[in-house]
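Understanding the architecture of this molecule
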Amino acid sequence: MTEAAESGEHMPAASEQQTPHFLRDVIFHGKFKLLKALTPEENTRCQRGLFFNDGQRRVDYILTYPLKKPGGGRSARQSVHRLTDNAINRSLRGPQSKPPRLFQADRGRDSSTSEPSTGVDVETGSPVETLNTQEDYKVFRREEFEEKLRDMGLELEKDEEGKIPGLGFVKIHAPWSVLCREAELMKLKMPSKKVYEVKQLSGVVKKISSLVNKVLEPLHPHVEEHQQKNIKHLSLTFSREKQHLFDLSDKDNFFDSKTRSSIVFEILKRTKCKAKYSMGITSLLGSGVYTAAYPLHDGDINEESAEPNDRKLLYDEWANYSVFYKYQPIGLVRKYFGEKIGLYFAWLGLYTQMLIPASLVGTIVFLYGCATVDDNIPSMEICHPKTNITMCPLCDRVCGYWKLSTACGTARASHLFDNPATVFFSVFMALWAAMFMEHWKRRQMRLNYEWDLTGFEDEEDHPRAEYEFRVMQKSLKRETQSKHKVEKLTFRDRFPAYMTNIVMMLLMVGVTFAIVFGVILYRISTKAALHMSSNPTTRNHVQLTVKTTAAIINLVVILILDEVYGAVARWLTVLEAPKTDKSFEERLIFKTFILKFFNAFTPIIYIAFFRGRLVGRPGRYLYVFESYRMEECAHGGCLMELCIQLSITMLGKQLIQNNLFEIGIPKLKKLIRYIRSKQGAFQEEERQKKLQRYEADHFLEPFAGLTPEYMEMIIQFGFVTLFVASFPLAPLFALLNNIIEIRLDAKKFVSELRRPIAARAKDIGIWYNILRGVAKVAIIINAFVISFTSDFIPRMVYQYMYSPDGSMHGFVNHTLSYFNTSHFEVGRGTMDPLHLGFPVEVCRYKDYREPPWSSTPYEVSKEFWAVLAVRLAFVIIFQNVVMLMNDVVDWLIPDIPKDISLQIHKEKILLVELFMKEEQGKISVAERRAPSTMKENCNRRSNSSTHHSDHLDSTPHHTNSTSKF
């Protein structure tokens, strides 16, 4: 039932000061049933659920709690009534009185019983009913917590007659005095009355900038934040003593909705439900006292007649696929969701913009490979019809000898991704990553200036509920032994959790390696089985079938393990019990990144650096379990297989995990919550009624943080940079995905999720360090891919050291070694030696080894050592040159834009001038008051002296008479 007392009109100031909060609520219970009708505007506000029932006080936060089922037992009603009576008695005794301490008389009673037991009120000595059921305990905790919220100055209003059965709502409003107090405590920067002109461009630069703005005008969203302004308000840390410096003409909108909700959330977090332990709203949510806590969205997004609000504007100009080509309204995103989420979307937008030049260059490199495929001499030699090179079998017994010309298609396709332009593209992408890092630092500094975050430092966060619960458990255990209170967890307390973390992380990485090994066995066994097929089409497409199916299996396993690893990482982090939310988030991010990185890239790393190098040679192959021969690369090299694996994994993760899961799972969870809500007495006519804003937001998915959003983009950044030498189209696919991803995430935040708590942040935190680490590792990996995976180095060595005419003619024959088929091990040779129609005495295989007729048959040749030396030299030179170029880029581009640096310096000067002017004003006022004060003092002294003289005139007469006497 709605508590009209809490939603009543404001009482006169004197009454408010004299009447305690809880008693005033009791006296005015049911008051709104007697009020006159509200104005149409106020009534509309009430119906939308954005305001209290008076239509004036804004709802800043919502708490939901489960309602007791009808007929819940006599003890429940008695306990609640007893709590109410005790609260009234406390109010009558005055603010100094403490809440009663309840001691359960019979601790051995079953906690599930509904019969009340008796205890003693320590203050009054009278017996009181204790709470011996779980529901009664939650009611008591709620009443106590809400009373403390009222003591903190917040105003509450309950709604238990909503359209969602079994659920009650507590609407919270922060009055002006509370907002001012908390803004000062939180050191919020607010715009002052002082304005100054932002430095504008001059001359030719201004004309060029104006022309560019006109050209790009269609790309800007139709929101006020994107209109360029020449003036800026000087922002100051809010202080109640200096309110005259701020523009308070419109107090209702001075603190916007996201600031108000963040202030209320700060109060909820630090309000203690028990005097001994700091148990705030997070603990109450964890124990089920409240089921949810969230701020409200500004309004509806579907109704055409709805009043304009920031949410609807974001939905139309940002969370809409039809505006995919427009810039994001980052200012409005920050205004509605806070700086932390605003920085994420700003980073995602910049990353997507930077992918445009990378995509263009990658597409040009790919087209270059397509254009030169017919001029590639090695592939021409392989595809030439007169090529009569007989190759050794690719597997034991069931595989036969084959002609090199059958690998024509693979060789031509490999050239698309293995050509001289690949080296240039790898260098370009390394520099691109450095440019992206520097560009983001500059963009971040500009946003810090525009959002008044310069000088902002992260403050110590409140302890997490799980940490406090662990400390409480330890303290209670210690107090029973030594009566000594525990304040914190030590390394000894966390040591079991640390060991569990190490063991589980190693176990999960081992699971990844085991699955990769299982896929290897699948490829080996499937290849042998397909070669035994009687269908010639199946035998001719063995390589393509095995590669594609194995890549799909890897993708499915990666998608499944991603979810498993995410849950394991969270469980391990909870087990550690970090003290603050920031520490929890950083540890969770680190564990999740390590596990998901290994999960996504272990199959790719195997193909790039290990496959084809652990094969052995004909006559002495390496075997797994003495039965499975290690697989080798096709003649065109492993780069083509690496490209297939990389493309399927990247596209599959983006399409399935990043898009389908993000769209489908929130909608499915929302549907489940809606179906569950209809299981009670949810009648058809109630369903047709429009839900209040806080009821509609209850059905939305709770905000789970930005870690999943960042994580998928960081993994994508790895695909774009780590193995870009093998897949130059990776930036293009990433760009296409991100264009959709931005609008998908925007729509999810605006319409699918509850409104998050606006969190302040000046950077993207640990994610920047991870990005820098991935960019550094990408340089090394691309150097090894070019050097060891592709044929770039062997081609260069042959052309400049062994080619008789300096061309690539004869390169294919130079890379093939000879093997005498009579040297096959017993039982390892082919079952069909006449597969080609004639007996084969000598076959070829790809390696640098001595021929069987040499003095050292099958030993590695000097060409092998020459190629290996050049490969290692290339890795060292490539790595150092590219890293040096990155350092040069970092040195040339300043972290802070020059105009922003000048504006920050100008703000500091204006701030000093403002405070000096205020101090001088105080001094002048004091000086003006001084003469009048001195005059008053002189008058007092003159009056006092006159009175004193009169007194002296009468005293001698009295004295003389006395002396005579």
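Scroll up to find the structure this text is about.
Residues numbered from 1 in each chain as written. Predicted model: local features only at pLDDT ≥ 70, side-chain atom pairs only at ≥ 80, totals over all residues. Heavy atoms only, no water.

1. Description of the overall build of the protein chain
Let me state the cut-off plainly: For helices the rule is a DSSP run of H or I covering at least 4 residues; for strands it is a run of E covering at least 2, with both sets numbered from the N terminus onward. Note on classification: 1.4 Å probe, protein chains only; a residue is buried when its accessible area is under 20% of the maximum for its type, exposed when over 50%, partly exposed between these limits. A contact between two residues is defined here by any heavy atoms of the two lying within 4.5 Å. Accessible surface area values rest on a Shrake-Rupley calculation with a 1.4 Å probe, where residue burial reflects the displayed protein chains alone.
Secondary structure summary: the protein chain contains 31 helices and 16 strands in total. Here the protein chain holds 965 residues, and 47% of them are scored as buried. Restricting to contacts in the protein chain with at least 6 residues of sequence separation, those with at least 24 account for 77%. A total of about 49,000 Å² of accessible surface is found on the protein chain, and carbon and sulfur atoms cover 59% of it.

2. Details of the state of the cysteines
Put simply, the test is: Throughout, a disulfide means two cysteine sulfur atoms within 2.5 Å of one another.
Considering all chains together, one arrives at three disulfides under this definition. Cys 392 shares a disulfide with Cys 843; S-S distance 1.9 Å. Here the S-S torsion is close to 85°, and the disulfide linking Cys 392 with Cys 843 is therefore right-handed. With Cys 392 in the loop between strand S9 (390–391) and strand S10 (402–403) and Cys 843 in strand S16 (residues 842–846), the pair connects residues that are 451 residues apart, well separated along the chain. Look at Cys 392 and you get buried, because its relative accessible area is 4%. The exposure class assigned to Cys 843 is buried, which follows from its relative accessible area of 0%. Across the disulfide from Cys 395 sits Cys 399; the S-S distance is 1.5 Å. Residues Cys 395 and Cys 399 are joined through a disulfide that is right-handed, its torsion about the S-S bond being 85°.

3. As for the packing of helix H16 (residues 420–450) against helix H27 (residues 766–789)
Put simply, the rule is: Fitted lines through C-alpha atoms give the axes, limited to the stretch in contact for helices. The angle between two N-to-C directions lies from 0 to 180 degrees. Geometric relationships in this document are graded by angle, where less than 35 degrees denotes roughly parallel, more than 145 denotes roughly antiparallel, 65 to 115 denotes roughly perpendicular, and other angles denote oblique. Nonpolar residues are Ala, Val, Leu, Ile, Met, Phe, Trp, Tyr, Cys and Pro. Charged residues are Asp, Glu, Lys and Arg, and all others, Gly as well, are polar.
Between H16 and H27, whose axes approach to 10 Å, the crossing angle comes to 170°. The angle between H16 and H27 falls in the class roughly antiparallel. Contacts from Thr 422, Val 423, Ser 426, Ala 430, Ala 433, Phe 436, Met 437, Trp 440 and Lys 441 in H16 reach Tyr 768, Leu 771, Arg 772, Ala 775, Ile 779, Asn 782 and Ile 786 in H27. Taken together, the residues that form the contact of H16 with H27 break down as eleven nonpolar, three polar and two charged.

4. Considerations on the pattern of salt bridges
Under the convention used in this document: Just to be clear on terms, a salt bridge is a Lys or Arg side-chain nitrogen sitting within 4 Å of an Asp or Glu carboxyl oxygen.
Counted by the stated rule, this structure contains 32 salt bridges. Between Glu 182 and Arg 181 there is a salt bridge; the shortest N-O distance is 3.0 Å. The exposure class of Glu 182 is buried, given its relative accessible area of 0%. Judged by its relative accessible area of 22%, Arg 181 falls in the partly exposed class. Of the charged contacts, one joins Asp 745 and Lys 748 as a salt bridge, the two residues approaching to 3.9 Å between their closest N and O atoms. You can see Asp 745 and its partner Lys 748 sitting in helix H26 (residues 730–752), three residues apart, about one turn around the helix.

5. Concerning the nonpolar core
Our working rule: To form a nonpolar core, buried Ala, Val, Leu, Ile, Met, Phe, Trp, Tyr and Cys residues must be joined to one another through side-chain atoms within 4.5 Å.
Core analysis: the largest hydrophobic core is formed by 114 residues, its most contacted members being Trp 347, Tyr 351, Trp 432 and Phe 723. With 15 residues, the single largest contributor to this core is helix H13 (residues 339–371). Within the second largest apolar cluster, 41 residues are counted, among which are Phe 238, Phe 246, Phe 265 and Leu 910.

6. Details of the packing of helix H18 (residues 491–531) against helix H21 (residues 581–609)
The cut-off we apply is this: If you view the pair so one helix is near and one far, a crossing is left-handed when the near helix is turned anticlockwise from the far one by less than a right angle, and right-handed when it is turned clockwise.
Contact pair H18 / H21: the axes reach a minimum separation of 10 Å and the direction vectors enclose 20°. When the axis of H18 is compared with that of H21, the two are roughly parallel. Here H18 and H21 pass one another in a crossing that is right-handed. Residue-level contacts link Tyr 498, Asn 501, Met 505, Met 508, Val 509, Thr 512, Phe 513, Val 516, Ile 520 and Arg 523 of H18 to Arg 587, Lys 591, Ile 594, Leu 595, Phe 598, Asn 599, Thr 602, Pro 603 and Tyr 606 of H21.

7. A few points about the packing of aromatic side chains
Just so we agree on the cut-off: For Phe, Tyr and Trp, where Trp contributes only its six-membered ring, two rings pair if their centres lie within 6.5 Å, and the inter-plane angle classes them as stacked under 30 degrees, edge-to-face over 60, or tilted in between.
Inspection of every chain in the model, using the stated rule, returns 50 aromatic pairs. The interplanar angle of 50° and the centroid separation of 6.3 Å between the aromatic rings of Trp 347 and Phe 436 together place this pair among those described as tilted. On the criterion of sequence distance, the pair formed by Trp 347 in helix H13 and Phe 436 in helix H16 is long-range, its members being 89 residues apart. Here Tyr 710 and Trp 767 contribute two aromatic rings whose centre-to-centre distance is 5.1 Å and whose plane-to-plane angle is 20°, an arrangement assigned as stacked. Note that Tyr 710 is positioned in helix H25 (residues 707–721) and Trp 767 in helix H27, a separation of 57 residues in sequence. Relative accessible area serves as the criterion here: at 4%, Tyr 710 is assigned to the buried category.

8. What about the environment of Phe 51?
Note that Phe 51 resides in the loop between helix H3 (40–48) and strand S1 (61–66). Phe 51 sits 122 residues away from His 173 along the chain, and the two C-alpha atoms are 8.7 Å apart.

9. Digging into the side chain of Thr 789
Worth spelling out the cut-off: Whenever a nitrogen or oxygen atom comes within 3.5 Å of another N or O atom, the pair is scored as a polar contact, on the condition that within protein one atom can donate a hydrogen and the other can accept it, and that pairs from neighbouring residues in sequence are kept only if both atoms are in side chains.
When you line up the elements, Thr 789 lands in helix H27. Within the structure, Thr 789 has its side chain in polar contact with the backbone oxygen of Ala 608 (distance 2.6 Å). The residues contacting Thr 789, other than those within four sequence positions of it, are Ala 608, Phe 609, Arg 613, Cys 638, Leu 639, Leu 642 and Phe 784.

10. Overview of the sheet that holds strand S4 (residues 155–159)
Using the following cut-off: In this description, strands pair whenever DSSP reports at least two bridges between them.
Taken together, four strands build an open sheet; the order of strands is S4-S5-S1-S8 and the sheet is antiparallel. Among the strands making up the open sheet, the edge pair consists of S4 and strand S8 (292–294). In this sheet, neighbouring strand axes are inclined to one another by 20° on average, regardless of whether the strands run parallel or antiparallel. As defined by bridge partners, S1 adjoins strand S5 (residues 167–173) across six bridges and the pair is classed as antiparallel. Bridged to Leu 63 within S5 is Val 170. Contacting S1, S4 and S5, helix H5 (residues 134–151) crosses the sheet at an angle of about 145° to S4. Helix H9 (residues 257–270) contacts S1 and S5 of the sheet and is inclined by roughly 50° relative to S1.

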